[in-house]
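Tertiary structure, described
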Amino acid sequence: QVQLTESGGGLVQSGGSLRLSCAASGRTVSSYAMAWFRQAPGKEREFVALITQSDRTYYADSVKGRFTISRDNAKNTVYLEMNSLKPEETAVYYCAARLSGVVFSKDFYNYWGQGTQVTVSS
C-alpha cells in the first residue's frame, strides 16, 4: 500500500507557472501508474496527466503542451509542472496511483492524496 502527499499548490496569476509534488511512502512510485486529477468547485474530478511504470506519459487535451508529468524514483516523488495557467484551471489537484494500466477514469485509482489547492487569478 502506498500513501501519497501533495504539495506545491498556491496562488498564481494567469499565465504563471507552478510545480506540484506528490511524495509517496510505503511503496515506491515506480511500482505504480501515477496520475494527477483536478476538481473545481461544483465539478467532477477530471483527469490531467498520467505516467506509467514504463515512463509513458499521457495528458488531457486541455493541458497538452503546457503541463509535464515526471517521476523521480530516487526521491519517490511524482511532479506536475504547470505552465501558462488559466483561471479556469483553479481547482484542487490530486495525486493518484494504481498498480498498472493506462486508465484515465478516477473510478479505477486505488490510492489518493489529500489534494493541494491551485488558484489562478485573472
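You'll find the structure just up there.
Residues numbered from 1 in each chain as written. Predicted model: local features only at pLDDT ≥ 70, side-chain atom pairs only at ≥ 80, totals over all residues. Heavy atoms only, no water.

**Notes on the state of the cysteines**
A complete count under the given rule lists 1 disulfide for this structure. The disulfide partner of Cys 22 is Cys 95, and the gap between their sulfur atoms is 2.1 Å. Its S-S torsion of about -75° marks the bond between Cys 22 and Cys 95 as left-handed, since a negative value means left-handed. Highlighted residues: Cys 22 in strand β3 (residues 18-25) and Cys 95 in strand β9 (residues 91-98), separated in sequence by 73 residues. On the basis of relative accessible area, Cys 22 is assigned to the buried category, the value being 0%. The exposure class assigned to Cys 95 is buried, which follows from its relative accessible area of 0%. (Disulfide = S-S within 2.5 Å. Helix = DSSP H or I, 4+ residues; strand = E, 2+ residues; numbered from the N terminus. Buried < 20%, exposed > 50% of the residue type's maximum accessible area, 1.4 Å probe, protein only.)

**Here we look at the pattern of salt bridges**
Per the counting criterion, the structure on display carries 7 salt bridges. Three or more residues are tied together by salt bridges with common partners; here these are Arg 38, Glu 46, Arg 66 and Glu 89. (Salt bridge = Lys/Arg side-chain N within 4 Å of Asp/Glu carboxyl O.)

These values are about where atoms sit, not about what they do.
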